[in-house]
Amino acid sequence: MATRLLIRMIPISLLICLILLHCDTKMQTEYVSDIQSESMQITFSSDEAKSDLSWSPDGTKIAFVHQRTGTRLSLYSPTGEYQGELSKIERVFGQHFAISPDCKSIAYCYNNNIWINTLDDNSEMQITFEDKIAASPCWSPDGSQIAYVRQVTFVGREIRLIALNNMEERTIATFESFYRGDDQISWHPDGLRIAYHHNPYTLPKEIYDIWTINTATGEKNNLTSSPYKSFFSPTWAPAGTLLACGYENRRDTVTVASLSIANEKIVLLGNSFDKARYPAWSPVNSFIAFKTYDAVYTIDVDNMQTSLIYSQDLGRREKTLHVPLLWAAPVWMPDGQSLIRSDQEYFKTISYVTLDSLKIAHATHWRDDRGISSPVWTNTNSSMICSNGGALAYVTDISNREIVIIDSSLKYQHFDLSKDSKMCVFDNGRDIFVQKEGASFPSNVTTNVSYSVSEPAWSPDGKRLACRCSGNGLGIFRLDSDQLIELKFIPGNFSHPAWMTTPDGLASFIAIEQYGDIYLINAETWEMKRIIVGAVSPCWSPDGSVLAYLHANDIYTKKIFCAID
């Protein structure tokens, strides 16, 4: 809180000056080419997209923009009004997930096992370690246990219980179920029984009955006993005297039914909804949510009023950026006032890998993502500047993952610091701006340049910039009286220029990406040589000898120059 208050009190220019504190440079020795050396793989998660590499000043860490596919949870009223966002989770759920009775945690299936996410800090914990598929987690009413379904064989299932205080696990039921997606189970409000569907008949394969099992004694009870009608995916009403379930009495006609436990009376609730699945009874009222092939609906059982909550088509009409996970079963908040909608979303954060241990840590929270990009370390090893939704942002301390917006007046995209840390350069996708230490405002240094320039990179002496140009080329400019003067234009589809960070007086090189390969350009003779095939996003180590790059979504390092003995 104190940090945020201080930042609000400091003008933008002064804050940037604080970030751009002067750091001394030391003379380095002469270098010779060593580009034939072996590359070293630094990360091992090729399924997670990475970009925008940045080496820490002490050479021990590499920061990068980390992109993963996760789940965004939104809230809707029982009649379809949007109520805001609940959370972002760093995983994509399976068909069934569940929120704890105290609304603090989400249980879900990921990679065939059950995980728990704590919503206040987004921490995760894996609670099953199965070699078979574990799915359909269900909290006990007091929140002390989780039941789930374990697939033993193609049709064989087990219901297992986990006590969360000591993680002890036991099997309470075995049953058969042919594929209908994940097998939905439901815990009775009294905490003593679990309802599930089971096929007790040899033929036909798609006929199910609703059964219950006593979690303490193992006593089973068949509630339907019908070889001609199929009941599946049960969910208890709040009072525990009724069940909602899927119902099918002829081929390919599936609707939602209310089942009275006392007299087995069946009331069809969704005659006009074919392929209805996964009913979910609100914990405190008469609403039943269910999904069809491409939408989620609710039915008010008291007056048989039906409401569309969300659909794939509705999402298109609204032109939303989030895609509903319509295979996921609807889930109620424990207060019964909201339904949880799960959307697949791409989350970004700034992460960093420590080179000696190869451990990855997050420098910002996933939930803070507003379009994060271009992290650049300051002259310390614990803070960075970056773009967050186009706003200039400051990661004050990577250990507490606090990110503070500094300036949102321009759309900042790419940053670079001069070698002496006295100047910061950035672009807005069209023009280049330079912020000098002590200056009140950044200066647009491309007012005399007729084409768009972006992705600026300082030369080691801080007097020249290499920039990507809109005319498919690399532009080399001299900074003269707050204007860029073009010195050289090299045609080519270049991107991500990185100027070798050696001190004044030594040979200067630019690493650059072209058509998915990395080239090395001699900044004196302008000779160009391909040095790494199938690589992008070059980034030099602080001593200028090692190049970090991305290959197949993983970070590698390669020694390019070595000192002469």
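Residue positions are counted from 1 within each chain, in the order its sequence is given. Side-chain atom pairs in this predicted model are given and counted only at pLDDT of 80 or more, local residue features only at pLDDT of at least 70, and totals for whole chains, interfaces and linings cover all residues. The side-chain values count all of the structure's non-hydrogen atoms but skip hydrogen atoms and water molecules.

Caption draft 1: Molecular detail of the overall build of the protein chain. We count a stretch as a helix when DSSP gives it H or I for four or more residues in a row; a strand needs E for two or more, and each element gets its number in order from the N terminus. Per the secondary structure count, the protein chain includes three helices and 49 strands. Burial statistics for the protein chain: of 565 residues in total, 55% are counted as buried. For the protein chain, long-range pairs separated by at least 24 residues make up 45% of all intrachain contacts whose partners lie at least 6 apart in sequence. Here, Shrake-Rupley sampling with a 1.4 Å probe gives the accessible areas, and only protein chains in the shown set may cover a residue. Within the structure as shown, the protein chain displays about 24800 Å² of accessible surface, and the carbon and sulfur contribution to it stands at 50%. Relative accessibility under 20% of the residue-type maximum defines a buried residue, over 50% an exposed one, and the middle range a partly exposed one, all with a 1.4 Å probe and only protein chains included. What makes two residues a contact is simply this: any of their non-hydrogen atoms within 4.5 Å.

Caption draft 2: Spotlight on the layout of surface pockets. Site definitions follow a grid-based scheme: protein atoms alone, a 1 Å grid, a 1.4 Å probe that fits but cannot get out for cavities, and for pockets an open set with protein on both sides within 12 Å along at least five of seven lines, plus lining residues having an atom within 4 Å of a point. Grid points are joined across faces, edges and corners, and a volume is the space filled by probe spheres set on the points. Reported here for the second largest pocket is a volume of approximately 770 Å³. Residue lining of the second largest pocket: 33 residues in total, with Cys138, Trp139, Ser186, Trp281 and Pro283 positioned closest to the centre. Of all elements in the fold, only β6 (97-99), β10 (133-139), β14 (186-187), β18 (230-236), β22 (277-281) and β27 (331-332) reach the threshold of two or more residues within the lining of the second largest pocket. Under the scheme applied, nonpolar residues are Ala, Val, Leu, Ile, Met, Phe, Trp, Tyr, Cys and Pro; charged residues are Asp, Glu, Lys and Arg; polar residues are all the others, including Gly. Class assignment for the residues of the lining of the second largest pocket results in 25 nonpolar, eight polar and no charged.

Caption draft 3: Molecular detail of the sheet that holds strand β15 (residues 193-198). Spatially, four strands are ordered β14-β15-β16-β17 in an open sheet, and the strand pairing comes out antiparallel. Each edge of the open sheet is held by one strand with a lone partner, namely β14 and β17 (220-222). Pairing geometry for β15 and strand β16 (residues 209-214), over six bridges, is antiparallel. From the neighbouring strand, Ile194 faces β16, where its bridge partner is Ile213. The pairing criterion for strands is at least two bridges between them, as found by DSSP.

Caption draft 4: How the structure looks around the confidence of the model for the protein chain. Across the chain, each position has a pLDDT score giving the predictor's confidence in that residue, from 0 to 100. Mean pLDDT over the protein chain: 83, with 82% of residues reaching 70 or higher. Low confidence marks residues 1-33, where pLDDT is under 50. Its contacts with residues over four positions away, or in another chain, come to 74 contacts. Across residues 315-323, confidence stays below pLDDT 50; counting only partners more than four residues off in sequence or on other chains, it has nine contacts.

Caption draft 5: Fine view of the sheet that holds strand β43 (residues 509-514). Spatial ordering of the open sheet is given by β42-β43-β44-β45, a layout of four strands whose pairing is antiparallel. Each of the sheet's edge strands pairs with one partner strand only, and the pair in question is β42 (494-499) and β45 (528-532). On average, each strand axis in the sheet is inclined to that of its neighbour by 30 degrees, with strand direction left out of account. Where β43 lies against strand β44 (residues 517-522), six bridges are found, and the strand directions are antiparallel. Following the sheet pairing, Glu513 is matched in β44 by Ile518. Lines are fitted to the C-alpha atoms to define the axes, a helix being fitted only along its stretch in contact, and any angle between axes, read from their N-to-C directions, falls within 0 to 180 degrees.

Caption draft 6: The arrangement of the packing of aromatic side chains in detail. When the centres of two rings from Phe, Tyr and Trp lie within 6.5 Å, Trp using its six-membered ring, the rings pair. Their planes under 30 degrees apart give stacked, over 60 give edge-to-face, and anything left gives tilted. By the definition in use, this model includes 13 aromatic pairs. Plain terms: the ring middles of Phe175 and Tyr196 are 5.0 Å apart, the flat faces sit at 45 degrees to each other, and that makes the pair tilted. Highlighted residues: Phe175 in strand β13 (residues 168-176) and Tyr196 in strand β15, separated in sequence by 21 residues. Among the residues examined, Tyr196 registers a relative accessible area of 1% and is labelled buried. On the numbers, 6.0 Å between centres and 45 degrees between planes, the contact of Phe415 with Phe426 is tilted. With a gap of eleven residues between them, Phe415 in strand β34 (residues 414-417) and Phe426 in strand β35 (residues 423-427) connect regions that are remote in the sequence. Judged by relative accessible area, which is 6%, Phe415 ranks as buried.

Caption draft 7: Quick peek at unusual backbone geometry. At Ser136, a position not held by glycine, the phi torsion is positive, near 55 degrees. Along the chain, Ser136 falls in strand β10. One non-glycine residue, Met304, lies in positive phi territory at about 60 degrees. Structurally, Met304 is set in the loop between β24 (295-300) and β25 (305-311).

Caption draft 8: Looking closely at the nonpolar core. In terms of nonpolar packing, the biggest core is built from 15 residues, with Ile518, Leu520, Trp540 and Leu547 touching the most fellow members. Ile518 has contacts with Ala511, Ile512, Lys529, Arg530, Ile531, Ile532, Ala535, Val536, Pro538, Leu547 and Tyr549, leaving out every residue within four places of it along the chain. Here, nonpolar core means buried Ala, Val, Leu, Ile, Met, Phe, Trp, Tyr and Cys residues that are tied together by side-chain atoms lying within 4.5 Å of each other.

Caption draft 9: Fine view of the side chain of Ser537. On the secondary structure map, Ser537 appears in strand β46 (residues 536-540). Once residues within four sequence positions are removed from consideration, Ser537 is found in contact with Asp52, Leu53, His496, Glu513, Ala548, Tyr549 and Leu550.

Caption draft 10: Quick peek at the pairing of strand β38 (residues 453-458). Burial runs high along β38: six of the six residues are buried. One ladder, built from four bridges, connects β38 with strand β39 (residues 464-469); its direction is antiparallel. Considered in β39, the bridge of Val453 is made with Cys469. In this structure, the hairpin formed by β38 and β39 is closed by a connection of five residues, where Gly462 is found at a positive phi of approximately 75 degrees.

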